[in-house]
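Residues per chain, in single letters:
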Amino acid sequence: MVRAIGPDETIPTRYGYAVEAERLTVRAGRRLAVDGLELALGYGVHGLLGPNGAGKTTLIRALATVLRPAGGSLTLLGERVDGRLDLRAVRRRIGYLPQEFGYYRRFTVREFLEYLAWLKELPAQDVPGAVQRAIDRIGLSDRADHKLRTLSGGMRRRVGIAQAIVNDPELLLLDEPTAGLDPDQRLQFRALLRELAADTCVVVATHLVEDVAAACTDVLLLDEGQLVFQGTPADLADAGGEGEGDSPAERGYAELIRRHRAGRR
Amino acid sequence: MTGAHISPPLLARYAAGGSGPADLWWAVEAHLETCGECRDRLGEAVTRHSPATAALVETVRVALADRLPQPATRPARHRRLARWAAPAMLPRLAATGLVVLAALGLDLADSTGRFPSLVLLLAPVVPLLPVAAAWSRGLDPAYELVIASPRAGLELVLRRTAAALLVVIPMLAGAGVLAGASPARWLLPCLAFTAGALALGELVGLYRAATALALGWAAVVVAPSLVRARVPVLLEPAVWPGWAAAVVVVGLVMVLRRRAYAGLASAR
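Residues numbered from 1 in each chain as written. Chains lettered and ligands numbered in written order. Predicted model: local features only at pLDDT ≥ 70, side-chain atom pairs only at ≥ 80, totals over all residues.

Draft legend 1. Inspection of the overall build of chain B at higher detail. Helix and strand counts for chain B stand at 13 helices and zero strands. Start at the N end of chain B and walk to the C end: the helices and strands fall as α-α-α-α-α-α-α-α-α-α-α-α-α. The C-alpha atoms of chain B give a radius of gyration of 31 Å, which is well past the 18 Å a tight globule of 268 residues would have. The dimensions of chain B, computed from C-alpha atoms along their principal axes, are 100 × 45 × 40 Å. Sorting the 268 residues of chain B into buried and exposed places 36% on the buried side. The long-range fraction of contacts in chain B, counting pairs at least 24 apart against all pairs at least 6 apart in sequence, stands at 78%. (Helix = DSSP H or I, 4+ residues; strand = E, 2+ residues; numbered from the N terminus. Rg over C-alpha atoms; globule rule 2.2 N^0.38 Å. Buried ≥ 20, exposed ≤ 12 C-beta atoms within 10 Å, placed from the backbone. Contact = placed C-beta atoms within 7 Å.)

Draft legend 2. Examining the overall build of chain A more closely. For chain A, the count of helices and strands is nine helices and ten strands. For 265 residues, the compact-globule estimate of 2.2 N^0.38 gives 18 Å, and the C-alpha radius of gyration of chain A, at 19 Å, lies within 12% of that figure. For chain A, the spread of C-alpha atoms along the principal axes amounts to about 60 × 50 × 35 Å. Looking at chain A residue by residue over its 265 residues, the buried ones come to 45%.

Draft legend 3. View of the sheet that holds strand E8 (residues 201-205) of chain A. All names here are of chain A. Pairing within the open sheet is mixed, and its six strands lie in the order E6-E7-E8-E3-E9-E10. Edge positions in the open sheet fall to strand E6 (94-97) and strand E10 (226-231), since each of these has one partner strand only. Ignoring strand direction, the axes of neighbouring strands in this sheet form an average angle of 15 degrees. Pairing between strand E7 (residues 171-175) and E8: five bridges, direction parallel. (Pairing = 2+ DSSP bridges. Axes fitted to C-alpha atoms, helices over the stretch in contact; angles between N-to-C directions.)

Draft legend 4. Up close: the pairing of E8 of chain A. Residues and elements named next belong to chain A. Along E8, five of the five residues are buried, which leaves the element largely enclosed by surrounding structure. With burial as the criterion, each face of E8 is covered, one bearing Cys201, Val203 and Ala205 and the other bearing Val202 and Val204. Both strand E3 (residues 44-49) and E8 contribute to a ladder of five bridges, which runs parallel. Counterpart to Gly47 in the pairing with E8 is Val204. Handedness of the crossover is the feature at issue here: the chain leaves E7, passes through helix H6 (residues 183-196), returns alongside E8, and the resulting connection is right-handed. (Right-handed = clockwise from strand over helix to strand, strands pointing away.)

Draft legend 5. Broad picture of the packing of helix H3 (residues 109-119) of chain A against helix H5 (residues 153-165) of chain A. Residue and element names in this part refer to chain A. Taken N-terminus to C-terminus, the directions of H3 and H5 make an angle of 35 degrees; their axes are 9 Å apart at the nearest point. Both H3 and H5 take part in a crossing whose hand is right-handed. In this structure, H3 contributes Val109, Phe112, Leu113 and Leu116 to the contact, and H5 contributes Val159, Ala162 and Gln163. A class-by-class count of the residues in the contact of H3 with H5 yields six nonpolar, one polar and no charged. (Left-handed = near helix turned anticlockwise from the far one by under 90°. Nonpolar A, V, L, I, M, F, W, Y, C, P; charged D, E, K, R; others polar.)

Draft legend 6. Quick peek at the interface of chain A and chain B. In this assembly, 30 residues from chain A lie in contact with 25 residues from chain B. For the side of chain A that touches chain B, the secondary-structure elements that each account for two or more residues are helix H2 (88-91), H3 and helix H4 (127-137) of chain A. Among the elements that make up the side of chain A that touches chain B, the one with the highest residue count is H3 of chain A (six residues). Class assignment for the residues of the side of chain A that touches chain B results in 15 nonpolar, four polar and eleven charged.

Draft legend 7. Summary view of helix H13 (residues 240-256) of chain B. Relative to the 24 Å expected for 17 residues at 1.5 Å per residue, H13 of chain B spans 24 Å between its end C-alpha atoms, a close match to the ideal helical length. In this fold, the buried residues of H13 of chain B make contact with helix H10 (154-179) and helix H11 (183-204) of chain B. (Expected span 1.5 Å × (residues − 1).)

Draft legend 8. Looking closely at the nonpolar core. Core analysis: the biggest nonpolar cluster contains 144 residues, and Leu113, Ala162, Leu173 and Val203 of chain A together with Val119, Leu128 and Ala210 of chain B have the highest contact counts within it. Beyond its immediate sequence surroundings of up to four residues, Leu173 of chain A is in contact with Ile60, Leu63, Ala64, Ile94, Gly95, Tyr96, Leu97 and Val203 of chain A. The next biggest cluster of nonpolar side chains, apart from the first, holds six residues, and it includes Ile6, Leu11, Ala15 and Ala45 of chain B. (Core = buried A, V, L, I, M, F, W, Y, C linked by C-beta atoms within 7 Å.)

Draft legend 9. Structural view of the sheet that holds strand E4 (residues 71-76) of chain A. Spatial strand order, E2-E1-E4-E5 (chain A): four strands in an open sheet with antiparallel pairing. Of all strands in the sheet, those bounded by a partner on one side alone are strand E2 (31-41) and strand E5 (79-80) of chain A.

In structure tokens:
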């Protein structure tokens, strides 16, 4: 018998933005860490800047579908995720590096990535290839069969980045990815970001203004759970003027935060 | 050549490098290019009819083997185990073994036979020890990665629970034989408590649910039974229909709420 095709199967899968949020609120504990955020992100590398406690991590966790929004709407890769329980399909297309990245000490790099690839439901025949590719992209080929407990902090951080990209995500969320990386690795990482930017929406939360200025196509400035500024790194530098800070981008950052806080009082 | 394959005599002649019209060998080779089955047979034919060719091929293989890239190593078998028993659960399983041993030791030391078996009293809640670790931020270092993965959900929770039960129940059965606590008394309560923790865990978090149930059982049943030195009514074999009903009801609740398990983390 011929199966009937429902209207939900014929909806085109095109969507304007990889991430779209309208009046998004997310709680961290009892506090509203993200409060009425409007956001639209397409392909490219989006640097998420903000002081400590601005809601960067909370926003990243909401985008990773770990936290359920308390209000507003959130659309990821064309799928509404607020109030939805079946997140399996959309989670397959997301890569996520948490701020506190836990690992199993006795696993080797390859074993750990294979386990994560299994959790991400990669087809079994694709796993060895995808894992090797992730290891090579992140520059850990010579350590692939070393146990995680023998690696340095920077290498473990890179393993974290590798697990985030092992499923070739369309939405890649990185929370403080450069913490513990030395300057040379940081350059490699920025090169990887630029490579990914062509067909991936990358959101990088960081407190290093220089990372954003160097590798991001777009800057988001978050303060007290709200979007203060969205623009190119050049726009951020222009906003600075003569304020305090060592580089134009840092001056812009400080000036925008100051202006936002003054406006709220 | 629809559906036809190369006949064995022809293949043998080809393997031995026999003479014949050139277009015949073209046809044979054209077929070999598209037919894996005949290529397999050719391999056998070469070893049988042309040892010289076989030896040549083997020499080439040996000479190249070192220079070819090694295929990626397969995951060790014990790492595949992680798909069932979460790595974070292993220390908990060991601790569970110690608890069972301790209970058994106390039972055997009680020569008066006045008190009900501790193995029997604790058996229903013992599996909660490793099951709580199946889904816990505090115990699983990679918890944040697991809950953001597509596999997070009821299936993964059940896999981990099954792994825990597969280890714990034989342990309890062994201790039960020595302590005189028959599985007929504790097996269904065991399953009911485990299922209860999973169902309640969807609302308040698995770790919290397991702790609450274990403490509740200790306060309401274990302590009074020890004080009165009597086997509690709830663990008499006669009440099994009640426990079976509890397992079925809780199981149904879980199945109905199965989609909510993907959000287990935010439900806490």
